Structures are given as structure tokens and as C-alpha cells.
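# Architecture and fold: a report
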Amino acid sequence: MMINREFASSIKRLMPNSQRKTDLDRPVSIWREKDRLRGYPETTMVAIFKTTGCSWYRFSSCSMCGYFNDVSSEIRSENLKRQIDIVSDSLEDVKTLKIFTSGSFLDPQEFPIEARDYFFRKISGKVEKLLVESRTEYITESNIAYLKDFGIPIRIAIGLESANDQIMRNSINKGSTFAKYVKAAEAVRKMGYELRTYLLFKPLFLSEEDAIADMIDSVRKSAPYSTDVSVNPMNIQKNTMVEYQWKKGLYRLPRLWSLARILLESKDFGTQVVSYPTGGNKERGIHNESPDPNLLQLIYDGSLNQDFKELEDYYKSADKKEYFASLAAEQINLSQPDFERLISRTSNASVLI
Ligand code: SF4
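Please read these numbers as outputs of a predicted model, since none were measured by experiment. Counting restarts for each chain: residues are numbered from 1 in the order of the written sequence. For this predicted model, a pLDDT threshold of at least 70 governs which residues receive local features, and a threshold of 80 or more governs which side-chain atom pairs are given and counted, while totals over whole chains, interfaces and linings are taken from all residues.

## Some details on the environment of Ala184
Applied cut-off: Strands are runs of DSSP state E lasting at least two residues, helices are runs of H or I lasting at least four, and both sets are numbered from the N terminus onward. Remark: C-beta atoms are placed from the backbone, and a residue is labelled buried if 20 or more other C-beta atoms sit within 10 Å of its own, exposed if 12 or fewer do, or partly exposed between those counts. This entry defines residue contacts through backbone-placed C-beta atoms, with two residues in contact when those atoms are within 7 Å.
Topologically, Ala184 is positioned in helix α6 (residues 178–190). Judged by the 25 C-beta atoms lying within 10 Å of it, Ala184 is buried. Sequence-distant contacts of Ala184, defined by excluding residues within four places in its chain, comprise Thr136, Ile139 and Ile158.

Spelled out as C-alpha cells, the structure:
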């Protein structure tokens, strides 16, 4: 059984019942960042389209995903086309583009074929490398074969999150399995596309040591299928089960030292391993006991250049006694408390559960 129904229902209860009023013709956001989609670092455009949302929301959501905060059931192909115009006009001289929706770009219910075709026609001749993301159920040979006709090299991204089905079921509520990922990954490879695998570092109910082991194992298992594997440390999004636990002090975000360990350990597994943390060194993102801008920058630079030598030197020369003590303390607890937050809550006499 790939779904833990009780867990899925608890997540569903936290999702808002009503949708925010929003401009249907504007993407959720567009920005530029560095990535290495063509095998070297370069400026890449990132766009998140506003859609009707992930098909998984009809049942529940993943425990860390707050994309449902940005969806609208009123979005039609005409709205998507106007959003596409905005993205296309923003490209200017940028040649690589990453597309996200609040779900799956390849889901024809969420992103109708008519809008998909319009998108490809609009960016053709401008974009030289494209990344699109999708759940595995939409990555079938028949659904992706014709994308080649547009002549743009494509990397398809899958949010595997973890290669461990128990973690996917009981910590993430992904509604998928490693076997489904493998099937989709084989279709991607067979049809001649590249594959990016997204992993989630430190989902709920895992100690940090166990989460590190899960990431290393997941990179190893997904490497044979992947052009690159992106390790995404948890960040706290609104109205999610992760936010709910975190606010009570029952979840501690992962530490940058742990991410460095994962990258150093898995860099030679035969795929490119990258990590560009969202919200690093901030309250809602990955952070050590104290902020460490140097470490975050070395993780970022090592990923971008695929050269982790400086990160390794920094890691080896640092005093990490406090870090290992925190992990050891967490390892003997059933939950992964954020001690500072937990103490502040209990001292305010708040109810914990
Ligand atoms: S599959 Fe993706 S978009 Fe859908 S709920 Fe999970 S993380 Fe969010």
C-alpha cells in the first residue's frame, strides 16, 4: 500500500479550503539564477506558472509542499497563454529555462496540450535547453514522445524525494514508489531526454543521521538513471504538515554541515550531484546552530562547478563538536525536536499537540 491514509488525511486538513484572489494571467514568479543545464554554469531563467494545481491535491498533498497556496481552479488555457507571453518576453538573452507549475507540467489536465504547444512554439528559437518537472504518472512514452518535434533539448525533472518507499509513504505522503520512478526514468532515457532527480533532505519523522543516510542511499540508487541529482534540503512552506510540526518545536530543519557530508559522500556515484538550498541560513531553511555564509557559498559553488575540493577542505578543518553533539542528541529522540523552539514553547506553557 503506497498511501498512509491517516497521514494523508491529516495533511489534507491543514490545506486551506478557499483560494486566494489572484491575477490569473501572471505567473507565480519569474527569476534568474545560475545552473548548469548545459554542463557548465550559466544564468538560467526560472518560471513558476500559476495553474489549477497538482492532481495529487484532489486527494491530499506532500507533507512539505505548499504550492497549493498559489493555485486557482479558474485558470484556463487562455490564462496560461498570457502567462507564457510574460515568461517568453522576460527571457531576453537567457538561453536556458526551467519551468515549474504547482504540480506537473506534463499533466494535460493541469497544463492543457493546447497551452503546452503554444508554450513550445513561443520559446522555440529562443531557448536552447529546457527543464520541466512532472509527477511520474505523466511521464509515459506516448505523453513525452512528441516534445522532441519542437527541437529543444529537454531535461525532465522528477521529484523522487527518497528511494525508500516507507519514507515516501510515512514521512512525505508522495503517493508514489521507487518502482514508479524507475519506470518513468526509463521512459525518459528511452525517448532521448535527460533526467534530473530531486531528492528531499530531512523529511518529517527522521533523525538527521537517518536522513543523511537516506540521501546517500537515494543518490546511489537514482544515479544510474539521472543526468544530475539535486538534493533539496527542507524549507518550511505555509499550511503544510512540516510547518505544523515545526511551529510546535517538533521538527528541526537540517544543518548545512549535513548537506556538505551528503555532497562529499555522493559526488563520485557516477552522476552530477548538486544542491542549491532555498532559504539557506534563514529561519525557514537549512541552517547550522549559527549562520555560516561561507559554508552555504561553498555548497553552492561546488554544485555549480562540480568541484567540491574547497568545500572538503573547509569541512575537514572546521570544529564540528557542537554539530555532532546535536545530532547525537537528536538520534535518541523519537521526534526531531528543535530544542530552542521547543523550550520557548514549553516555557510559555503552550500545549504541544
Ligand atoms: S507532487 Fe509535487 S506539486 Fe504535487 S503535492 Fe507533491 S511536491 Fe507538491
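## What to know about helix α5 (residues 165–172)
Looking only at α5, the buried set comprises Ile167, Met168, Arg169, Ser171 and Ile172. Residues of α5 that are buried in the fold lie against β5 (154–161), β6 (194–201) and α7 (208–222). Of the residues trailing α5, Asn173 is marked for its positive phi of about 60°.

## Focus: the packing of helix α2 (residues 77–90) against helix α3 (residues 113–123)
We apply this condition: Structural elements are reduced to axes, namely lines fitted to C-alpha atoms, with helices fitted over the stretch in contact, and the angle between N-to-C directions of any two is expressed from 0 to 180 degrees. In these notes the angle categories are as follows: under 35 degrees is roughly parallel, over 145 is roughly antiparallel, 65 to 115 is roughly perpendicular, and the rest is oblique. If you view the pair so one helix is near and one far, a crossing is left-handed when the near helix is turned anticlockwise from the far one by less than a right angle, and right-handed when it is turned clockwise.
Orientation of α2 relative to α3, taken along the N-to-C sense of each, is 20°, at an axis distance of 9 Å. As judged from the angle between their axes, α2 and α3 are roughly parallel. Crossing hand, α2 versus α3: right-handed. Of the residues in α3, those touching α2 at Ser77, Leu80, Lys81, Ile84 and Ser88 are Glu114, Ala115, Tyr118, Phe119, Lys122 and Ile123.

## What about the site of the ligand?
The criterion, for reference: Placing a C-beta atom from the backbone of each residue, we mark the residue near a molecule or strand if the atom is within 6 Å of it. Three residue categories are used. Nonpolar comprises Ala, Val, Leu, Ile, Met, Phe, Trp, Tyr, Cys and Pro, charged comprises Asp, Glu, Lys and Arg, and polar comprises the others, including Gly.
Contacts to the ligand come from Cys54, Trp56, Ser61, Cys62, Cys65, Tyr67, Ser102, Gly103, Arg135 and Gly159. Residue composition of the shell around the ligand, by class: 5 nonpolar, 4 polar and 1 charged.

## Overview of the pairing of strand β4 (residues 129–133)
Threshold: Any two strands are treated as partners once DSSP identifies two or more bridges connecting them. Handedness rule for crossovers: strands pointing away from the viewer, path from the first strand over the helix to the second running clockwise, crossover right-handed.
Where strand β3 (residues 96–100) meets β4, 4 bridges bridge the pair, whose relative direction is parallel. When the bridges of β4 are listed, Lys98 appears paired with Leu131. Taken together, β3, α3 and β4 form a β-α-β motif whose crossover is right-handed. Across 4 bridges, β4 lies against β5 in parallel orientation. Residue pairing for β5: Leu130 is matched across the bridge by Ile154.

## Focus on the nonpolar core
Stated formally: For this entry, the nonpolar core is defined as buried Ala, Val, Leu, Ile, Met, Phe, Trp, Tyr and Cys residues connected by C-beta atoms within 7 Å.
Ranked by internal contacts, the top residues of the largest apolar core, which has 83 residues, are Ile99, Val132, Ile139, Ile158, Phe201, Leu259 and Ile299. A per-element tally of this core places helix α9 (residues 256–266) first, with 6 residues. Those residues within four positions of Val132 in sequence are excluded, and the remaining contacts are Ile99, Phe105, Leu106, Ile154, Ile156 and Ala157.

## What to know about the sheet that holds strand β7 (residues 228–233)
The strand order β1-β2-β3-β4-β5-β6-β7-β8 describes an open sheet built from 8 strands, whose pairing is mixed. With one partner strand each, in any of the chains shown, β1 (29–35) and β8 (272–274) form the two edges of the open sheet. Between one strand axis and the next, the sheet turns by 25° as a mean value, whatever way the strands run. In terms of strand pairing, strand β2 (residues 42–48) meets β3 through 4 bridges, oriented parallel. Residue pairing across strands places Met45 opposite Leu97, the latter belonging to β3.

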